[in-house]
Every structure is written in structure tokens, then in C-alpha cells.
Amino acid sequence: MTIQTPISMAPGALDLMMPMHVVVDANDKIAHVGPTLAKVHPGRNLEGLNFFDVFELRRPRKVDGLAELCGKAGAKFYLRLRDPDSTPITASATGLAAEQGVLVNLSFGIAVIDAVARFNLAGSDFAATDLTLEMLYLVEAKSAAMEESRQLNERLHGAKAEAELQAMSDTLTGLNNRRALDVMTSRVLARGQPFTLMHLDLDFFKQVNDTLGHAAGDMVLKEVAKVLLDVTRGDDVVARVGGDEFVILFKGLTERKRLESIAGRLIERLEVPIAVDDGNKARISASIGMVTSRHYNDISIKQMMHDADVALYTSKDRGRAQYTMYSSELDALLAERLEDGSEAASR
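What counts and what doesn't
- Residues numbered from 1 in each chain as written.
- Predicted model: local features only at pLDDT ≥ 70, side-chain atom pairs only at ≥ 80, totals over all residues.
- Heavy atoms only, no water.
- Helix = DSSP H or I, 4+ residues; strand = E, 2+ residues; numbered from the N terminus.
- Buried < 20%, exposed > 50% of the residue type's maximum accessible area, 1.4 Å probe, protein only.
- Contact = heavy atoms within 4.5 Å.
- Areas by Shrake-Rupley, 256 points an atom, 1.4 Å probe, with all protein chains shown as cover.
- Core = buried A, V, L, I, M, F, W, Y, C linked by side-chain atoms within 4.5 Å.

Q: Describe in detail the overall build of the protein chain, supporting the description with residues and values.
A: Summing up its helical and strand segments, the protein chain has 11 helices and 13 strands in all. Each of the 347 residues in the protein chain was classed as buried or not, and the buried ones make up 39%. For the protein chain, restricting intrachain contacts to residue pairs at least 6 apart in sequence, the fraction spanning at least 24 positions comes to 55%. Accessible area of the protein chain: about 19,400 Å², with a carbon and sulfur share of 51%.

Q: Please give an account of the side chain of Thr90 that cites residues and values.
A: In this structure, Thr90 sits in strand S5 (residues 88-95). Beyond its immediate stretch of four places on either side in the chain, Thr90 contacts Lys76, Phe77, Tyr78, Asn105, Leu106, Ser107 and Gly109.

Q: A description of the nonpolar core should follow, citing residues and the corresponding values.
A: Proteins that are soluble and globular tend to have nonpolar side chains buried together. Judged by nonpolar contacts, the single largest core of 33 residues is most densely connected at Met198, Leu200, Leu202, Val220 and Leu266. Taken together, the elements giving at least two residues each to this core come down to strand S7 (195-203), helix H7 (205-212), helix H8 (214-231), strand S9 (245-251), helix H9 (256-270) and strand S12 (285-292). It is H8 that contributes the most residues to this core, eight residues altogether. Excluding its chain neighbours within four sequence positions, the residues that come into contact with Leu266 are Met198, Leu200, Val227, Leu228, Val231, Ile248 and Ile288. In this structure, Leu37, Val40, Leu57 and Phe119 belong to the second largest nonpolar core, which totals 32 residues.

Q: Before we move on, could you go through unusual backbone geometry and cite the residues and values that matter?
A: With the exception of glycine, most residues fall at negative phi, and the peptide bonds are largely trans. Note that the residue after Arg59, namely Pro60, is joined by a cis bond; omega there is -10°. Note on placement: Pro60 falls in the loop between strand S3 (55-59) and strand S4 (76-81). At Arg320, a position not held by glycine, the phi torsion is positive, near 65°. For Arg320, the location among the structural elements is in the loop between helix H10 (301-317) and strand S13 (323-325). Taking relative accessible area as the criterion, Arg320 reaches 34% and is therefore assigned partly exposed.

This is the structure we're talking about:
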């Protein structure tokens, strides 16, 4: 087959205009390698190797050397790099002047994006007029836009998480607030998991505010929060639901002896004087009411909170610094005390 009209071009010009090319002699030996192709084979000298030892011919399958592929100007043929990934290559060939051999221009075709990443290539590794550059610029722009979008989403997600955390937290103590407690109790109830609610109210806290000031009262509340977190388990929910009122949700814990032991330790710890400003010490205690979900056939969080309040009121009535587990008998006792108090007030 006749080779088309040959051309002459200096190697430097070839490297600039076709950075991914090879010049092959009449025996199909590689005589010159463009800089991009050399970068694809780092540390390996391709010059002197047979062209078909570096590239596997895919289509057409049977040819008598590269010269046969030069028979038609612009005709494409398809190769694979003999590398671990069998990288696809598209090629065209033309004859050079004065029997200088065959010039083969190469491109990565549809594998260009993978090839750029695989061989650590950049825009400078392609001819200025190569459409590959446009594709790379588009990919880089898309990647930059996607990265900016990802970072923005992360910032928005972080801001949302922070806002949700603040909405569910008590600003003074860092404990959960009533809203968080409502969410957690609803989840436990939905899962059918047994649980206990412990309502704790500080004794003598008003005297701290009245005698030592509200700043001292804030310090006391912060120390109380530390004690509650220290005595309870990691997955228990500790919430501040009022000025000096706290509720603890014990997930999966309804054993009376264990609950009474925890309540006793809490009262004991909270009776330790708390140092505040100017060397003063605040002295408080705590009254506790408890109720377990096993007490009910049809569980209502609202009813459980009410019953925990009844148990708490009973602890207060017994002289404070007490804990009481709710039972149905407490309702009758509370009603009698309230009635007695009303009659005394009327007299």
C-alpha cells in the first residue's frame, strides 16, 4: 500500500505540536517519543523498542507494519497500551520525508479523564488546540464547583447541627432542655423500651439566690449539672426543665433498688457545700420523685411527668432531701394533704 505524501518536521516542533506522539522507523522501531507519552511511561526508555511491544493493535487486527496504516490520510486505528490497565488509545499515522519513518499521533479517546488521573497529566501535556484541553478545563471547573458546593453543604450542615444543638440545650448548664427531653422520651416510648423518669428539685436554692446573689446561684446550677452527669450513665438523658428543676430519663432502667441507690448518691453529692465567689459556700440539697414505665399498661409521658411530680411533692413533704418512688397510694395521700391545707386556710 502506498504511503501518502511525506512531510518533514523537526523533533522539537513535533514535541510542541503533538506532545503525545511517536516516530517509528521502517522496521517499526520507535525512534522518538513525545514528552507526554514519555510521562505515561516514567522511568522507561521507549526508544529502540518495537512499536507493537508497547502498543497492542485492536483495529484493524491484521496489518503488515505501520506503513500500511498510513495509506489513507486521517484514517484512525485503535490501540491499547500494554500496561496493567490496558489503557485505550486512538491513533493516526502519516509518513515523514526522506524515509524518516512514520509519525504516529496518539490520544486517550474516551479514557482521557481516567488517563489524566492515572498518569498524573496536566493541561501542559496536551497540544494547545487539542479538544482534550477543553474537556479538562470543563472537568476542572465542574470539580471546583462541586468542591465548593460540598464545602458549602458542609458549612450549612454544620450550622444547622449547631443551631439544632443550641435549640435542644440549656444555655447555662449545657444540659438538655425540655424540648430535648420531649424528643428523647418520645423516641424511647416509640421503641417500646422500658424507662424511668426522675424529677429532681433543689432544696434551699432560693436562699442561695437571696443571700449570695444570682451569680452564685448560676454557679451552683452549673455544679449541680456536673454532679448529675457524673452520677448518671452516658446514655441517660439529663435535662434542666426549670429554674432549679431537673429531669433524668433512665433508658432501660426500672429496677427499684438501683434507682434508689442512684437517687441516694445524688442527694449525698448535692449536700456537699459548693464554693462560690468571695470564699462563700452554698449549701443545698435535693428532693426526688421517680416513676417507671412498668407502672402503666398504657403509657403517657404527660401522666408520668405528673406522677413524678406527685412523688417529688411527697419527698418535699417528708422533710426534703428525700427520694420517693411513685405508687398509686400517693395520689390519695396528696389529695388528703391538699384538703387539710385548704381547710386550715379557711379557718
